[in-house]
Amino acid sequence: MAAEPILIDLDQPKRGYRRFISAWLHRLGDRTAVVDPGPTSTIDHLCGELARLGVTRLDWILLTHIHLDHGGGAGTLARRFPEARVVCLPAAAKHLVDPTRLWEGSLQVLGDNAPLFGRPEPVPADRIDDPAVLEPLGVRTLPTPGHAAHHVCFLHGDLIFAGEAAGMTCPTSDGGFCLRPATPPRFLRDVAVDSLDRLLALDPAPRRAAFGHYGLHAEPALLFRAARGQLHLWTEILAELTAPGARRVDDALRPRLLETLQARDPWFAPFARLDDDLRARELEFLANTWRGMSGWLEDRDAEG
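All of the points below concern the structure found in this document. (Residues numbered from 1 in each chain as written. Predicted model: local features only at pLDDT ≥ 70, side-chain atom pairs only at ≥ 80, totals over all residues. Heavy atoms only, no water.)

Overview of the packing of helix 7 (residues 189–200) against helix 8 (residues 220–241)
So the rule is basically this: Note on geometry: axes are C-alpha line fits, over the in-contact stretch for helices, and angles between N-to-C directions span 0 to 180 degrees. A run of DSSP states H or I qualifies as a helix once it reaches four residues; a run of E qualifies as a strand once it reaches two. Both are numbered from the N-terminal end. The labels follow the angle: roughly parallel below 35 degrees, roughly antiparallel above 145, roughly perpendicular from 65 to 115, and oblique for the rest. Left-handed describes a crossing whose near helix is turned anticlockwise from the far helix through less than a right angle; right-handed describes the clockwise counterpart. Note on contacts: a residue pair qualifies if any of its non-hydrogen atoms lie within 4.5 Å across the two residues. For this classification, the nonpolar set comprises Ala, Val, Leu, Ile, Met, Phe, Trp, Tyr, Cys and Pro, the charged set comprises Asp, Glu, Lys and Arg, and every other residue, Gly included, is treated as polar.
Relative to each other, helix 7 and helix 8 sit at 160 degrees, their axes nearing to 9 Å. Regarding the angle of helix 7 to helix 8, the classification is roughly antiparallel. The handedness of the crossing between helix 7 and helix 8 comes out as left-handed. Along the contact surface, helix 7 presents Arg-189, Ala-192, Val-193, Leu-196, Asp-197, Leu-199 and Leu-200, while helix 8 presents Ala-221, Phe-224, Arg-225, Ala-227, Arg-228, Leu-231, His-232 and Thr-235. Classifying every residue of the contact of helix 7 with helix 8 by side-chain character gives nine nonpolar, two polar and four charged.

Topic: the pattern of salt bridges
The test is simple: Basic side-chain nitrogens of Lys or Arg form a salt bridge, by our definition, when they fall within 4 Å of a carboxyl oxygen of Asp or Glu. We call a residue buried when its accessible area falls under 20% of the maximum for its residue type, exposed when it is over 50%, and partly exposed in between, using a 1.4 Å probe and counting protein chains only.
According to the stated counting rule, one finds 20 salt bridges in the structure shown. Note that Asp-275 is salt-bridged to Arg-18, the shortest N-O span being 2.9 Å. Taken as a pair, Asp-275 in the loop between helix 9 (254–264) and helix 10 (276–303) and Arg-18 in the loop between strand 1 (6–9) and strand 2 (22–28) lie far apart in primary sequence, 257 residues in all. Residue Asp-275 is classed as partly exposed on the basis of its relative accessible area, which comes to 29%. For Asp-59, the salt bridge is made with Arg-57, and the minimal N-O distance between the two is 2.7 Å. On the basis of relative accessible area, Asp-59 is assigned to the buried category, the value being 8%. Each of Arg-18, Asp-275 and Asp-277 takes part in salt bridges that share partners, so that together they form one network.

Describing the environment of Leu-257
Within the secondary structure, Leu-257 sits in helix 9. Measuring from C-alpha to C-alpha, the distance between Leu-257 and Val-109 comes to 21 Å, with 148 residues separating the pair along the chain. Not counting chain neighbours up to four residues away, the residues in contact with Leu-257 comprise Ile-237, Leu-238, Leu-241, Val-249 and Trp-290.

Re the side chain of His-26
Note the following rule: Polar contact is defined as a pair of N or O atoms within 3.5 Å, subject to the rule that within protein one atom must be able to donate a hydrogen and the other to accept it, and that residues adjacent in sequence are counted only when both atoms are side-chain atoms.
Relative to the assigned elements, His-26 resides in strand 2. Among the polar contacts listed, one links the side chain of His-26 to the side chain of His-156, at a separation of 2.9 Å.

Comments concerning the packing of helix 5 (residues 100–110) against helix 10
Interhelical geometry of helix 5 versus helix 10 gives an angle of 100 degrees and a closest axis separation of 11 Å. In terms of orientation, helix 5 lies roughly perpendicular with respect to helix 10. In this structure, helix 5 contributes Gln-108, Val-109 and Leu-110 to the contact, and helix 10 contributes Phe-285, Asn-288 and Arg-291. Of the residues contributing to the contact of helix 5 with helix 10, the split by class is three nonpolar, two polar and one charged.

Structural notes on unusual backbone geometry
Arg-186 follows Pro-185 through a cis peptide bond whose omega is -5 degrees. Locating Arg-186 in the fold gives a position in the loop between strand 11 (177–180) and helix 7. The omega torsion of the bond from His-213 to Tyr-214 falls at 15 degrees, within 30 degrees of zero and hence cis. Positive phi, close to 55 degrees, is recorded for Asp-36, a residue that is not glycine. With respect to the element layout, Asp-36 can be found in the loop between strand 3 (31–35) and helix 1 (43–52). Classification of Asp-36 as buried rests on a relative accessible area of 3%. Non-glycine residue Glu-219 carries a positive phi angle of around 55 degrees.

Re the sheet that holds strand 8 (residues 152–156)
Note: strands within a sheet are paired through backbone hydrogen bonds, in either parallel or antiparallel orientation. Definition in use: Whether two strands pair depends on DSSP finding at least two bridges between them.
Reading across the sheet, the five strands line up as 7-8-9-12-13 and stay open at both edges, with mixed pairing between neighbours. The open sheet terminates on both sides in strands that have one partner only, identified here as strand 7 (139–143) and strand 13 (215–218). Between one strand axis and the next, the sheet turns through 25 degrees on average, direction left out of account. The pairing of strand 9 (residues 159–163) with strand 12 (residues 208–211) spans four bridges and is classified as parallel. Directly across from Phe-161, in strand 12, lies its bridge partner Ala-210.

Describing the environment of Gly-295
By the element assignment, Gly-295 lies in helix 10. Among the residues examined, Gly-295 registers a relative accessible area of 17% and is labelled buried. Separated by 109 residues in sequence, Gly-295 and Arg-186 have C-alpha atoms that sit 7.0 Å apart.

Comments concerning the pairing of strand 13
The alternating pattern of strand 13 places Gly-215 and His-217 on a buried face and Leu-216 and Ala-218 on a face that is not buried. Direction of pairing for strand 12 relative to strand 13: antiparallel, over a ladder of four bridges. The residue of strand 13 that forms the bridge with Ala-209 is His-217. The hairpin turn running from strand 12 into strand 13, its antiparallel successor, is three residues long.

Next up, the structure:
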C-alpha cells in the first residue's frame, strides 16, 4: 500500500451525499489504519474498497470524533476486522460501547438523515484504546473540541487528519472548493477558536491536511486561519441580521443570510458554483450550522 493517505469515497447519491463523506486509509510504519470509517450504511462499500486495495489486515480504526458520518460504522468495521483496535478519547469511548444516546442525539440533530447513515453497532470495551497508544508509531493526538467536545486531530509527520476541526470543504464543478463552518448545536465559539489557535501554533506546521469532508489539502495553516475567521464573521453577520430574542434563522431569513455570506466571505463564495445536488445537500447542513450559531448568540445575549 502507498505511504500517502488514500481517500475512500463513501458516496450515497441520495440527497447529494457524494464527494462528501470519506474514510482515509493510511500506513503507520508496518501497520494499517483507517481514519474515520464513516457510517454503518457504507461499511460494506468500505470493506470492498479495502479488499480492492489489498488490505487483508486492519490494525487501527482512528476516530477524530464519533458522529455517525465519521465513527458510526466503527463497531461494524471492528467486527469485520477482529484484530483492529479502535482509538478515541475516553469521553467518546462510552458512547461506542453503548451507542444508545449517540443514536438518540443523532435523530434529534439530523432528523430524517440519521437513518440514511444507519444505527451504530456497539464496540466491545476491550477493543478500545486511548490515543496515547499511537505515540510509539509517531502519531500525535491533538484534542480539538469545538465541532464536538471529544474531537481530536491526528498528526503524523507533516500530515494532519483534521476531522471537522476546521469545518468542511466542498468541491466545486470547476475544480475549486468552498469552505464553511460545521457548528452543530451546542456551539461554543471560544472553544472552537481556541482549538484552531492550537492548530495554528504547531511548529513545524503540517504541510497537508486530510479533511473528513472533503479531500487532501495543501497549506493547512491557510485553511485553519480561514476557518477561524469564518467563525467570527458568520456569527457577526448573523448578529447583524437578527435581533436579541429573535436569533433563529427562519425560512424568511435564509435567502438573505445566504446571499450576505456569499458576498462577504470569499471562502464561502464558491458555494454558488456547486453542482445542484451538492448545493441542496449543503443547504440542509447549513441549517444546523446556523442553528448552532444562533444558540451561541442567544447565550451571549442572556449573559448581557
